[in-house]
Amino acid sequence: MFHFDYDATGQLLAEEVPLQKIAAELGTPTYVYAEATLTRHFRVYDQAFSAHSHLVCYAVKANTSGALLSLFASMGGGADIVSGGELFRALRAGVPTDRIVFSGVGKTAEEMQEALDAGILSFNVESEPELLLLDQVARARGVQAPVALRVNPNVDAKTHPYIATGLKESKFGVPITEGRRLAELVVRSPGLRLTGLDCHIGSQLTKLGPTLEALDSVLALADELRGAGHPLEHVDIGGGLGITYSGETPPHPDELGQAVTAKMKGRPELLILEPGRVIVGNAGILLSRVLYVKETKDRTFLVLDAAMNDLIRPSLYQAHHEIWPVERHPERGNFTVDVVGPICESGDTFAKARTLPRLLAGELVAILSAGAYGFSMASTYNSRRRAAEVLVSGDRFCAIRARETYESLVAGETLPPWQRGA
Ligand code: LLP
């Protein structure tokens, strides 16, 4: 269903390409993305909101690959960015500037300038001091910055605490009770133009209720502002729709789309959405090789060549990712193992006491649902080179990012003159 399926001989394919072939040509660990899944997910999500005028601003942080960004741009998508780096990537990938929204609690003056110069659609502003700085920066450039206030509706998104963002104690957004006052501050600021309201209550949401509750609060505030003479151009409800990693049953995008567009019916505002995970999560796997099967008295460890630096979600959020063998050997039966990486941390564990088909050293595995917050959260910890990324399309595949080299690991490093004897 996600275009990672076994063929009749028990080989795991990405679309029509055997993962064996990718590993043989490009090595491991390697991220592999299925274009058919990316395209389908984007289209399904986009069409789910077709009852109302809307713009899908893909959340770049989920997967920053230029090939993916330009694919979504070609399908009419925009970008939700959170840094100058993501702005750079979005522009480089050809995302039209009037489809870019800029979120995040810590925008710098420099990032504001860059985004103003680019002419983005909206700054999703998250605090009063940020408003004041944006006003200054815009005035210094003789322009007006389009502002959507990110409000915090204080709803419990019922997700992992690290990725819940809509509770009043979270650092994100301004309390919705402050919305009216800050909107009026925007209206009075010569460098700012009030264009919208924004919220994003969390990620990997598996229920619709909290998002709809947040939307109700945002729309009530939008009505209040319109009543006060400040009509809005857009309402942004963020991203957050969850995916199935193992057994979760999140709503289908159509359910979200129907419920949200019903609430937007007859309203003048453009609806903006910022999905990340739901588009890319299940469109990618991390392909890795078993280095060792290490047996101790108490446990069996499957030591992979991928590690927490490549995919940190299991270590950071105790996230579950399914692990499949790339070649099926049903005659071998199963074993129960801890699946670990080579990094010098006990937390470098992909799965604990997981029952898997019996694998041998040298064989390949696919770690599933790794398309979102996989490579984009990768580091070079332990001086491990970051993985290659591959895009598959039908029977073709291409390295859309080469594996990092030892040279690129140290790029930018230098010795201070006193160590060089200068
Ligand atoms: N918009 C804003 C303002 C966000 O902060 C995020 C994600 C999104 C949109 C996209 O949310 P999504 O549709 O992907 O749920 N690293 C974590 C997830 C962190 C999400 C951060 N914000 C993980 O691996 O689960």
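Residues numbered from 1 in each chain as written. Predicted model: local features only at pLDDT ≥ 70, side-chain atom pairs only at ≥ 80, totals over all residues. Heavy atoms only, no water.

## Re the overall build of the chain
Quick reminder of the rule: Numbering of helices and strands runs from the N terminus, with a helix taken as a DSSP run of H or I at least four residues long and a strand as a DSSP run of E at least two residues long. Radius of gyration here is computed from C-alpha atoms only, and the compact-globule reference equals 2.2 Å multiplied by the residue count raised to the power 0.38. For every residue, the accessible area (1.4 Å probe, protein chains only) is compared with the maximum for its type, and the residue is labelled buried under 20%, exposed over 50%, or partly exposed between those bounds.
Looking only at helices and strands, the chain features 13 helices and 21 strands. A compact globule built from 422 residues would reach a C-alpha radius of gyration of about 22 Å, and the chain, at 23 Å, matches this within 12%. Here the C-alpha coordinates of the chain stretch approximately 70 × 65 × 40 Å along the principal axes. Counting only residues that meet the buried cut, the chain has 54% of its 422 residues in that class.

## Observations concerning the confidence of the model for the chain
Here is the rule we go by: Each residue carries a pLDDT score, the predictor's own confidence in it, on a scale running from 0 to 100.
For the chain, the average pLDDT comes to 96, and 99% of its residues sit at 70 or higher. Within the chain, no element has a lower average pLDDT than strand 10 (residues 174-175), which sits at 92, and none a higher one than strand 4 (residues 30-34), at 99.

## Let's talk about the domain arrangement of the chain
As a reminder, the rule being used: Residue ranges for the domains originate in an automatic or database domain assignment. In what follows, a contact means two residues having at least one pair of non-hydrogen atoms within 4.5 Å. Summed over both partners, the accessible surface that disappears when two parts come together, traced with a 1.4 Å probe, is what is meant by buried area. Any Lys or Arg side-chain nitrogen located within 4 Å of an Asp or Glu carboxyl oxygen qualifies as a salt bridge. Polar contacts, as counted here, are pairs of nitrogen or oxygen atoms within 3.5 Å of one another; within protein the pair requires one atom able to donate a hydrogen and one able to accept it, and residues that are adjacent in sequence qualify only if both atoms are side-chain atoms.
Domain parsing of the chain yields domain 1 (4-33 + 281-409) and domain 2 (35-279). The centre of domain 1, based on its C-alpha atoms, is set 32 Å off from the matching centre of domain 2. At the junction of the two partners, domain 1 supplies 23 residues and domain 2 supplies 22 residues. Carbon and sulfur atoms make up 55% of the surface buried where domain 1 meets domain 2, a total of about 1,900 Å² over both sides. Three residues stand out in domain 1 for area buried against domain 2, namely Asn 282, Tyr 317 and Tyr 373, and they jointly supply 26% of the buried area on that side. The tally of links from domain 1 across to domain 2 stands at zero salt bridges. For the interface between domain 1 and domain 2, the tally reads 11 residue pairs in polar contact (both at pLDDT 80 or more).

## Here we look at unusual backbone geometry
Look at the link from Thr 28 to Pro 29: it is a cis peptide, with omega at -5°. When you line up the elements, Pro 29 lands in the loop between helix 1 (19-26) and strand 4. With phi around 50°, Glu 15 is a residue other than glycine that occupies positive phi space. Here Glu 15 falls in the buried class, since its relative accessible area comes to 16%. Although it is not a glycine, Asn 154 sits at a positive phi angle of roughly 55°.

## Quick word on the sheet that holds strand 3 (residues 17-18)
Rule in force here: Here the rule is simple: two strands pair whenever DSSP picks up at least two bridges between them.
Strand order across the open sheet formed by three strands is 1-2-3, with antiparallel pairing between neighbours. Looking at which strands have only one partner, the edges of the open sheet turn out to be strand 1 (4-6) and strand 3. When strand 2 (residues 12-14) meets strand 3, the two strands line up antiparallel, connected through two bridges. Bridge pairing in strand 3 links Ala 14 to Val 17.

## Thoughts on the pattern of salt bridges
If you walk through the whole model with that rule in mind, you get 19 salt bridges. Across the salt bridge formed by Arg 267 and Asp 223, the nearest N and O atoms sit 2.8 Å from each other. On the criterion of sequence distance, the pair formed by Arg 267 in the loop between helix 9 (253-264) and strand 13 (270-273) and Asp 223 in helix 8 (residues 209-227) is long-range, its members being 44 residues apart. Exposure remark for Asp 223: the relative accessible area of 36% places this residue in the partly exposed category. Several salt bridges converge on common partners, so that one network encompasses Asp 223, Arg 226, Arg 267 and Glu 269.

## Examining the packing of helix 2 (residues 35-48) against helix 3 (residues 66-74)
Condition: Between the N-to-C directions of two axes lies an angle of 0 to 180 degrees, each axis being a line fitted to C-alpha atoms and, for a helix, fitted only over the stretch in contact. Roughly parallel means an angle under 35 degrees; roughly antiparallel means over 145; roughly perpendicular covers 65 to 115; every other angle is labelled oblique. Should the near helix be turned anticlockwise from the far one by less than a right angle, the crossing is termed left-handed; should it be turned clockwise, right-handed. For this classification, the nonpolar set comprises Ala, Val, Leu, Ile, Met, Phe, Trp, Tyr, Cys and Pro, the charged set comprises Asp, Glu, Lys and Arg, and every other residue, Gly included, is treated as polar.
In the contact formed by helix 2 and helix 3, the axes pass within 10 Å of each other and the chain directions differ by 40°. Judged by the inter-axis angle, helix 2 sits oblique to helix 3. Between helix 2 and helix 3 lies a crossing whose hand is right-handed. Along the contact surface, helix 2 presents Glu 35, Leu 38, Thr 39 and Phe 42, while helix 3 presents Leu 68, Leu 71 and Phe 72. Looking at the contact of helix 2 with helix 3 residue by residue, the class counts come to five nonpolar, one polar and one charged.

## Focus on the site of the ligand
We apply this condition: Any residue with at least one heavy atom within 4 Å of a molecule or strand is counted as near it. Accessible areas in this description were obtained via Shrake-Rupley with a 1.4 Å probe; residue shielding takes into account the shown protein chains only.
In the region of the ligand, 19 residues are neighbours, and Ser 203, Glu 274, Arg 313, Tyr 317 and Tyr 373 sit closest. Within the side chain of Lys 61, one N or O atom sits 3.3 Å away from an oxygen atom of the ligand. Between the ligand and Tyr 373, the relevant distance is 2.6 Å, taken from an oxygen atom to a side-chain nitrogen or oxygen of the residue. Notes on the ligand: free accessible area 590 Å², of which the protein chains cover 92%. When grouped by side-chain class, the residues that make up the shell around the ligand number six nonpolar, seven polar and six charged. Both domains that meet at the shell around the ligand, namely domain 1 (4-33 + 281-409) and domain 2 (35-279), each give it at least three residues.

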